[in-house]
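# Architecture at a glance
Residues per chain are reported as follows:
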Amino acid sequence: MQDAFRVRPTPEPLTVWGRLNSLNVQRVLFCASDLQLPVHHVPVGGNSGGLDTPEFLALNPNRLVPTLKDGPFVIWESNTIVRYLCRAYGHEIGDARDLALQDRWMDWYGSEIGTHMTALWGYLKRGKTLPAAAEEHHWRRATALWRILAESLETTRFIGGKHPGIADYALGPAVQRWHEMAPLVSIPRSLTRWHEALSLRPSYQTYVLNAPL
Ligand SMILES: N[C@@H](CCC(=O)N[C@@H](CS)C(=O)NCC(=O)O)C(=O)O
């Protein structure tokens, strides 16, 4: 049984525009689904196109996914969407310090480790070129940075504590990618335990483990 509860019911399904192989879209769909919110997914971006239509531009002038609509409310930026969903519909999210700890990991992914993960994933899975020196640099930095998160996971099941929180939703898809690179890297046990705990959740299975490449 899922342990999430809603602060208030959603009157109608949320709409999420995006492509399922995008990490940024995965974090939003994983979060919404884990919070047991009804979602209508509209495939746009990548091969599906649709980012340049007047209808989509009116929702998101950046021509990017994910974009979310909740009733009349439209919001873009994947981390902002995750924060919004958790605050509107998620677990009790704690005080300012609890929130800061969650925000920190979310921001840390974007500012520290994300660039290394994007480069390595593009190189290994999407046929992008990467000079040998750059590859070595990205492996070394990503490995060292994941270790920092692994240390903090030694005492908790999720980054959010007993339940997944905003940082679990934001970083969960990336730790799957890191495990897909597993033959090439040494992964700390606590990071794998966290990945296993996420993998038990149907929402993670649907939107992350079974995501298309
Ligand atoms: N900072 C934005 C980045 C959004 C972004 O770069 N989205 C990419 C997919 S990951 C996109 O829409 N690319 C165009 C496409 O998919 O066609 C976020 O986190 O939402």
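Residues numbered from 1 in each chain as written. Predicted model: local features only at pLDDT ≥ 70, side-chain atom pairs only at ≥ 80, totals over all residues. Heavy atoms only, no water.

A separate point is the nonpolar core. In terms of nonpolar packing, the biggest core is built from 61 residues, with Leu85, Trp146, Leu149, Trp178, Leu191 and Trp194 touching the most fellow members. Lining this core are residues from two domains, each supplying at least three of them: domain 1 (14–89) and domain 2 (96–201). Apart from the residues within four sequence positions on either side, Leu191 is in contact with Trp146, Leu149, Ala150, Leu153, Val175, Trp178 and His179. (Core = buried A, V, L, I, M, F, W, Y, C linked by side-chain atoms within 4.5 Å. Buried < 20%, exposed > 50% of the residue type's maximum accessible area, 1.4 Å probe, protein only. Domains from an automatic or database assignment. Contact = heavy atoms within 4.5 Å.)

What follows covers helix 7 (residues 189–199). The element helix 7 is extensively covered by neighbouring structure, given that eight of its eleven residues are classed as buried. Within helix 7 the residues assigned to the buried category are Ser190, Leu191, Thr192, Trp194, His195, Ala197, Leu198 and Ser199. On its buried side, helix 7 packs onto helix 1 (23–34), helix 5 (132–152), helix 6 (166–180) and helix 8 (202–209). (Helix = DSSP H or I, 4+ residues; strand = E, 2+ residues; numbered from the N terminus.)

What follows deals with the site of the ligand. In the neighbourhood of the ligand, the contacting residues comprise Arg19, Ser22, Asn24, Gly45, Gly46, Leu51, Leu64, Val65, Pro66, Glu77 and Ser78. One of the side-chain nitrogen or oxygen atoms of Arg19 is found 2.6 Å away from an oxygen atom of the ligand. One nitrogen or oxygen atom from the side chain of Ser78 is found 2.7 Å from an oxygen atom belonging to the ligand. Protein chains shield 71% of the accessible area of the ligand, which is 510 Å² for the free molecule. When the residues that make up the shell around the ligand are grouped by side-chain class, the tally is four nonpolar, five polar and two charged. (Near = heavy atom within 4 Å. Polar contact = N/O pair within 3.5 Å; in protein donor to acceptor, adjacent residues only side chain to side chain. Areas by Shrake-Rupley, 256 points an atom, 1.4 Å probe, with all protein chains shown as cover. Nonpolar A, V, L, I, M, F, W, Y, C, P; charged D, E, K, R; others polar.)

In terms of domains, the protein is made up of domain 1 (14–89) and domain 2 (96–201). Here the C-alpha centre of domain 2 lies 22 Å away from the C-alpha centre of domain 1. The interface is formed by 14 residues belonging to domain 1 together with 16 residues belonging to domain 2. Both faces combined, the contact of domain 1 with domain 2 buries some 1300 Å², and carbon together with sulfur accounts for 58% of it. Where domain 1 touches domain 2, the interface holds three salt bridges. (Buried area = accessible area lost by both parts, 1.4 Å probe. Salt bridge = Lys/Arg side-chain N within 4 Å of Asp/Glu carboxyl O.)

Before going further, it helps to examine the confidence of the model for the protein. Summarising the model, the protein shows a mean pLDDT of 93, and 95% of its residues fall at 70 or more. Between residues 1–7, whose pLDDT stays under 50, and residues either more than four places distant or in other chains, the model counts 23 contacts. (pLDDT = per-residue confidence, 0-100.)

This part covers the sheet that holds strand 3 (residues 67–70). As summarised here, the arrangement of the four strands in space is 2-1-3-4, forming an open sheet in which the pairing is mixed. Sheet topology places strand 2 (39–42) and strand 4 (73–76) at the edges, where each strand pairs with a single neighbour. Recorded for the sheet is a direction-independent mean angle of 20° between the axes of neighbouring strands. (Pairing = 2+ DSSP bridges. Axes fitted to C-alpha atoms, helices over the stretch in contact; angles between N-to-C directions.)

Closest axis-to-axis distance for the helix 5/helix 6 pair is 13 Å, and the angle between their directions is 125°. With respect to each other, helix 5 and helix 6 are oriented oblique. In this structure, helix 5 crosses over helix 6, and the sense of that crossing is left-handed. Between helix 5 and helix 6, the contacting residues are Trp139, Ala142, Thr143, Trp146 and Leu149 on the first element and Leu171, Ala174, Val175 and Trp178 on the second. (Parallel < 35°, antiparallel > 145°, perpendicular 65-115°, else oblique. Left-handed = near helix turned anticlockwise from the far one by under 90°.)

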